[in-house]
Amino acid sequence: MVEPVDRPSTAGQRLSAPESFGVSTLEPGMRPPVQPPGRPVSIRVQMMDDTQEVFQISQRSGGKVLFDLVCVHLNLTEGDYFGLEYQDHRKMTVWLDLLKPTLKQIRRPKNTILRFVVKFFPPDHTQLMEELTRYLFALQVKRDLACGHLICNDTSSALMVSHIIQSEIGDFDETQSWQHLLHNKYLPDQDAIRDKIMDCHRKHVGQTPAESDYQLLEIARRLEMYGIRLHPAKDREGSKLSLSVSHTGVLVFQGYTKINAFNWSKVRKLSFKRKRFLIKLRGDPSQNAHHDTLEFAMASRDCCKIFWKICVEYHAFFRLFEEPKPKPKPILFTRGSSFRFSGRTQKQIIDYVKDSEFKKVPFERKHSKILSNSGLPSHASSFRSLVPKESAMSIPLADQTDSTRISDLQIAVSNNNGFRDALAESKQQQQQHHHGNGSAPDQHLLNPGSPASEDSPLGSPRVAVNGNSPVNGPDHILGSVPQSPLTSPLLIDAGYVRNEDEEEARRKKFPTDKAYFIAKELLTTERTYLNDLQVVTESFQSAVANDEAFSNSVKNLILANYEPVYKFHEGFLKEVEQRLAQWEGRSNAHIKGDYQRIGDILLKNIQGLKQLTVHLQKHSECLVELEKLCRSVRKVEVLCREFEQQRVCYLPFNVFLLRPLHRLLHYKLILERLCKHYPPTHEDFRDSRAALAEISEMALQLQGTMMKMENFQKLLELKKDLTGIDILAIPGREFIRLGCLSKLSGKGLQQRMFFLFSDCLVYTSRGMTASNQFKVHGQLPLYGMTIRESEEEWGVPHSFTLFGQRQSVVVAASCASEMEHWVEDIRMAMDLAEQGSGAPSDLLCASPTDNKLSGEGGPEHESEEELSGSRTSLERQGHRGNTTVHVCWHRNTSVSMVDFSVAVENQLSGNLLRKFKNSNGWQKLWVVFTNFSLFFYKSHQDDYPLASLPLLGYSVTVPSESENIHKDYVFKLHFKSHVYYFRSESEYTFERWMEVIRSATCSSSRSLPTTRKDLY
């Protein structure tokens, strides 16, 4: 090993860059602890990308000092998931104890290499807040696959390797991918499934490295051997077993099959005695059972102790709220081990990252194709300076603090021709400088699973002293940039600190044409639409597949008419994703011609969609037949309601059945905006105009069916919210408006929920049933009804009187605009009733008069917190506590069928940055606006939303100067004390979000703005 040399200053200091102190994982927000005095000792650490770093510590320093130095070097905030392991003098792999002096554990530091690896594997990778942490976990999975530790079937293996390749070399190219698989070994038996890997890789077009890491971890976490490290043992009968530990408890394996698991809640004590490992279980109180003790024999006492220690640490990390305190020292005699877990628990990490605001620092990723196939030496000084700045980011959102999906902070190496030329030139220069020493590719880079070799092509490993000054072998170049892709230096490109101005400049280098953002809206909404179709074709079908009560004819009818539509749009989405990737410059496919347009793809696919018109016309029949089956078979009705309570069904199921008809309107509106933007001379104008003509024809053809089905679906949905009505959906009845009005009675004004139909007006109160339905109190036929304003007569603001044939009712609205809406709609409904055939049949099962009803005192009012808190609103969805009816009840507002029609057209999806009123950081979320609500996801790949925010009653504005939101494209949602800030990526998306959200806010502001000036 080359000993580090003393240097007067580092390259960064000579370039006037500030010193990077990083973040200490054990003392958040503090610098690394001051080392005690003593002789400096160099310790080599092998990082997760197989590079080696040298850290200097004091002779008396504890393990915590060394571990903190490694985390600071990586700028790793969530470092407590990781650990340092090494082989001790007994040739056993052990973890570095952070509380003990390092040199008391490592007897020969010059001959020992510590490995920085993942120590604690959480059950869900979405608990990892930072992209760098997920990247390190992805490297761990990659290493486990190569070493044969992560056992799985060929399909899972191929899919995981395909995501790794996508992260390393980008989009699929058959020759390139084949050569890459020949030179890089990711699996022990890789050759047997090479074709399957390539088939999977071709499906990931446009996927960024961060998205590939996410998908890789999503697959890995579902595997039984994920994060499992086997410790050989035997049971009392001498059968060979293996013990392991996970976040759930202690596991028992036979071979690679889990045969038993002891949950932490059932384990009373873990101990060992000589070679015996003991698990003492809690007795079952219901059975008066005694405590059970299980005994396993291991190879030696040391093996028992090593496994016992990791069990103690796993239990503390995942089960405790905070780090356990040290035991008091005994006065005379010691009993048992003093070992304890040192570091933050998982809960402390999550709370700390959420509550803290960090400047996200970019980090490099290792692109094996570039390093291996180009023959570029691993420490070429000019490597990073040759990366085109235009290709250095993948998503034009900046400053995404506290984001769970920070895909825009990676340094993504483009594979365009200019970069290839620059690499070739750099290769020639390096070969001349090293006289041929660097021409051979680094063998341990070609094999990602191999351990670090000390016999590198240049004769010595690249190392860094405490992560600051790179020290190489004899060919070290002054001022070269560290090659480790895990390093997150503050020095970027030319060695200066990247600030917000540069982030802004980089963001502005992305496509700024309005057509690009219109195409991106098509992409984001298509992703949501495909997920909605998947609810019908997969989730619902699997829910009813094995139920004998569900008619096969209805099941086959739905599948036969939705499956072809889903398959068609699946292909359409892939085309749009590929085109957007090319438009943004993220694809490295060989592209010929102009690709900065979308009209040609829309025209082609809308013409293909016309072939599916016969299926779209059948969707109304699917809705009717399903309703008939629910009415005739009680078990089917219960089955459908249970399905609606699943998280994947975030909207009423009937809404999903109408999605294909709604999507036609979305295409029409997108094409209208596109044609309005393009001048007639634009090359994409002709295709866009032709596509608009095609989709307008389809929409007009299906318009009648769509209007009938929307009304039918709304009547079916309202029936679920009402109790005391036999049948609501009868021929000729149309829904007009629902909302809150105060009804005047002998007890004063009482809040009631009114439902206006084309033949009658129904008023209800909130029931105290388990399903939170509204109890019908009475109905007023509209035939022969008159209406009169009566504010002066009764002295009640915004009141009016309804005179029916049998009774009259005095009601009051919450404001003048609400009263105006109600009076206008009631008068329209009265005209419709006069044109009808007469009085309708009675809606009610029994028709009690209003003054005889019990419960006129009004139900208990639920807190507004139930609906305003976006974090908890979905938790009550299974009890129908989050429907539009309930939101109107809590917000004291109303919506009409016209509002519902506008909401159908104004659906939107995309990434937004969210910030709470009292928080500092911005969190990146995938947001879907539909049905008067915002639904929040971590990413567009999620199956169900994490939370929702109903918007009825909210106001949407831009932040004032006093709120200190110094960012562009920020809008504010406000209701009473609830305030949320959302940040979009461009002016176009900002205006679109403001437009669609204003369509769902309070009735008084439901008219849409025509220009951006109206927003202010």
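Computed from a prediction, not measured in an experiment: that's the story for all the values here.

### Thoughts on the overall build of the chain
Part 1: Each helix and strand counted, the chain has 29 helices and 34 strands in total.
Part 2: Taken over 1016 residues, the chain has a buried fraction of 57%.
Part 3: For the chain, the exposed surface amounts to about 44500 Å²; the carbon and sulfur share of it is 50%.

### What about the packing of helix α16 (residues 552-584) against helix α18 (residues 613-632)?
Part 1: Where α16 contacts α18, the axes come no closer than 9 Å and their chain directions differ by 150°. Here α16 lies roughly antiparallel to α18, going by the angle between them. Crossing of α16 against α18: the hand is left-handed. On α18, the residues touching Val 554, Leu 557, Ile 558, Ala 560, Asn 561, Tyr 562, Pro 564 and Val 565 of α16 are His 615, Leu 616, Lys 618, His 619, Glu 621, Cys 622, Glu 625, Leu 626 and Leu 629.
Part 2: For the contact of α16 with α18, the per-class residue count stands at 11 nonpolar, 3 polar and 3 charged.

### A closer look at the pairing of strand β31 (residues 947-950)
Part 1: Burial along β31 is two-sided: Ala 947 and Leu 949 facing one way and Ser 948 and Pro 950 facing the other are all buried.
Part 2: Sheet analysis places strand β30 (residues 933-937) next to β31, joined by 4 bridges and oriented antiparallel. Considered in β31, the bridge of Phe 935 is made with Ser 948.

### Structural notes on helix α10 (residues 346-355)
Part 1: Inspection of α10 places Gln 346, Ile 349, Ile 350, Tyr 352 and Val 353 among the buried residues, and these make up the whole buried set. Take α10 and look down its axis: the buried residues cluster within an arc of 165°, on one side only. Within α10, the exposed residues directed more than 90 degrees away from the buried face are Lys 354 and Asp 355.
Part 2: Packed against the buried residues of α10 are α9 (301-319).

### Observations concerning the pattern of salt bridges
Part 1: Using the criterion set out here, one finds 42 salt bridges in the structure.
Part 2: We note a salt bridge from Asp 80 to Arg 344, for which the minimum N-O separation is 2.8 Å. Of this pair, Asp 80 sits in the loop between α2 (63-74) and β3 (82-87) while Arg 344 is found in the loop between α9 and α10, placing the two residues 264 residues apart along the sequence. Side by side, Asp 80 and Arg 344 carry an identical accessibility label, which is buried.

### Quick notes on the sheet that holds strand β28 (residues 908-916)
Part 1: In spatial order, the strands read β31-β30-β29-β28-β34-β33-β32; together these 7 strands make up an open sheet with antiparallel pairing. Of all the strands in the sheet, just β31 and β32 (955-957) have a single pairing partner and so form its edges. The mean angle between the axes of side-by-side strands here comes to 35°, regardless of whether they run parallel or antiparallel.
Part 2: Bridging between β28 and strand β34 (residues 978-983) involves 4 bridges; their strand directions are antiparallel.

### What to know about a nonpolar patch on the surface
Part 1: A surface patch of nonpolar side chains, about 250 Å² in accessible area, is lined by Ile 151, Leu 230 and Tyr 256.
Part 2: With respect to the element layout, Tyr 256 can be found in the loop between β8 (249-254) and β9 (257-263).
Part 3: Exposure remark for Tyr 256: the relative accessible area of 47% places this residue in the partly exposed category.

### Some words on helix α8 (residues 209-220)
An α-helix turns once every 3.6 residues. As a result, residues three or four positions apart point the same way.
Part 1: With 12 residues, α8 should reach 16 Å at 1.5 Å per residue; the first-to-last C-alpha distance of 16 Å fits that figure.
Part 2: With 12 of 12 residues buried, α8 is to be regarded as a mostly interior element.
Part 3: Taken residue by residue, α8 has Pro 209, Ala 210, Glu 211, Ser 212, Asp 213, Tyr 214, Gln 215, Leu 216, Leu 217, Glu 218, Ile 219 and Ala 220 as its buried positions.

### Digging into the packing of aromatic side chains
Part 1: Within the structure shown, the criterion is met by 35 aromatic pairs.
Part 2: Ring geometry for Tyr 516 against Trp 583: centres 5.8 Å apart, planes inclined by 70°, an arrangement best described as edge-to-face. Taken together, the residues Tyr 516 in helix α15 (residues 514-544) and Trp 583 in helix α16 connect sequence positions 67 residues apart.
Part 3: For Tyr 516, a relative accessible area of 0% translates into the label buried.
Part 4: An aromatic cluster is present here, built from Phe 67, Tyr 81, Phe 82, Phe 116, Phe 120, Phe 121, Phe 137, Tyr 226, Tyr 314, Phe 317 and Phe 318 joined pairwise through their rings.
Part 5: Of note, Arg 194 hangs over the ring of Trp 178, and the distance from its end group to the ring centre comes to 4.7 Å.
Part 6: The residue whose ring lies beneath Lys 714 is Phe 900, and the NZ or CZ to ring-centre distance is 3.7 Å.

### Brief notes about the nonpolar core
Across soluble globular proteins, nonpolar side chains have a tendency to be buried as a group.
Part 1: One finds Phe 550, Leu 934, Leu 973 and Trp 993 to be the most contacted residues of the largest nonpolar core, which totals 127 residues.
Part 2: By residue number, the principal contributor to this core is α15, which donates 14 residues.
Part 3: For Trp 993, the contacting residues outside a window of four places in its chain are Leu 908, Ser 909, Gly 910, Leu 912, Val 927, Phe 929, Leu 934, Phe 971 and Ser 984.
Part 4: Membership of the second largest hydrophobic core comes to 95 residues, among which are Phe 121, Cys 200, Val 267 and Phe 272.

### Brief notes about the environment of Arg 673
Part 1: On the secondary structure map, Arg 673 appears in helix α21 (residues 659-677).
Part 2: Excluding its chain neighbours within four sequence positions, the residues that come into contact with Arg 673 are Ile 518, Glu 521, Tyr 988 and Arg 992.
Part 3: Looking at Arg 673, its side chain comes within polar contact range of the side chain of Tyr 988, at 3.1 Å.

### Focus on the environment of Gln 596
Part 1: By the secondary structure assignment, Gln 596 is in the loop between α16 and α17 (599-609).
Part 2: Counting along the chain gives 80 residues from Gln 596 to Tyr 516, while the straight-line C-alpha distance between them is 7.6 Å.

### What to know about a positive patch on the surface
Part 1: Residues Arg 268, Lys 269, Arg 282 and Arg 319 make up a contiguous surface patch of positive charge.
Part 2: Among the structural elements, Arg 282 can be located in the loop between β11 (276-281) and β12 (292-297).

### Considering unusual backbone geometry
Part 1: Positive phi is not limited to glycine here, since His 798 has a value of about 60°.
Part 2: With respect to the helices and strands, His 798 occurs in the loop between α24 (791-794) and β25 (799-803).
Part 3: Judged by relative accessible area, which is 24%, His 798 ranks as partly exposed.
Part 4: A positive phi angle, near 60°, is found at Tyr 969, a position not held by glycine.
Part 5: Considering the arrangement of structural elements, one finds Tyr 969 in the loop between β32 and β33 (970-975).

### Focus on the environment of Gly 599
Part 1: Looking at where Gly 599 falls in the secondary structure, it is placed in helix α17.
Part 2: The sequence separation of Gly 599 and Ala 690 amounts to 91 residues, and the corresponding C-alpha distance is 8.7 Å.
Part 3: Residues contacting Gly 599, with those up to four places away along its chain left out, are Asp 684, Asp 687 and Ser 688.

### Here we look at the packing of α15 against α21
Part 1: It is the contact of α15 with α21, at a shortest axis distance of 10 Å, that shows an interaxial angle of 175°. By the criterion of interaxial angle, the relationship of α15 to α21 is roughly antiparallel. In contact with Lys 514, Ala 515, Ile 518, Glu 521, Leu 522, Thr 525, Glu 526, Tyr 529, Asp 532 and Leu 533 of α15, α21 contributes Arg 659, Pro 660, Arg 663, Tyr 667, Ile 670, Arg 673, Leu 674 and His 677.
Part 2: Residues belonging to the contact of α15 with α21 are distributed by class as follows: 9 nonpolar, 2 polar and 7 charged.

### Topic: the pairing of strand β29 (residues 923-930)
Part 1: Counting buried positions over the 8 residues of β29 gives 7, a clear majority of the element.
Part 2: The pairing of β28 with β29 spans 7 bridges and is classified as antiparallel. Among the inter-strand pairings, Arg 914 is bridged to a residue of β29, identified as Gln 923.
Part 3: Two strands pair when backbone bridges link them, and β29 and β30 are joined in this way by 5 bridges, in the antiparallel orientation.

Rules used in this analysis
Residues numbered from 1 in each chain as written. Predicted model: local features only at pLDDT ≥ 70, side-chain atom pairs only at ≥ 80, totals over all residues. Heavy atoms only, no water. Helix = DSSP H or I, 4+ residues; strand = E, 2+ residues; numbered from the N terminus. Buried < 20%, exposed > 50% of the residue type's maximum accessible area, 1.4 Å probe, protein only. Areas by Shrake-Rupley, 256 points an atom, 1.4 Å probe, with all protein chains shown as cover. Axes fitted to C-alpha atoms, helices over the stretch in contact; angles between N-to-C directions. Parallel < 35°, antiparallel > 145°, perpendicular 65-115°, else oblique. Left-handed = near helix turned anticlockwise from the far one by under 90°. Contact = heavy atoms within 4.5 Å. Nonpolar A, V, L, I, M, F, W, Y, C, P; charged D, E, K, R; others polar. Pairing = 2+ DSSP bridges. Arc of directions from axis to C-beta. Salt bridge = Lys/Arg side-chain N within 4 Å of Asp/Glu carboxyl O. Patch = residues over 30% accessible without salt bridge, like charges linked within 9 Å, V, L, I, M, F, W, Y side chains within 5 Å. Expected span 1.5 Å × (residues − 1). Phe/Tyr/Trp six-rings, centres within 6.5 Å; stacked < 30°, edge-to-face > 60°. Lys NZ or Arg CZ within 6 Å of the ring centre and 35° of its normal. Core = buried A, V, L, I, M, F, W, Y, C linked by side-chain atoms within 4.5 Å. Polar contact = N/O pair within 3.5 Å; in protein donor to acceptor, adjacent residues only side chain to side chain. Lys, Arg positive; Asp, Glu negative; His and termini not counted. Charge placed at Lys NZ, Arg CZ, Asp CG, Glu CD.

Distances and angles like these do not, on their own, reveal function.
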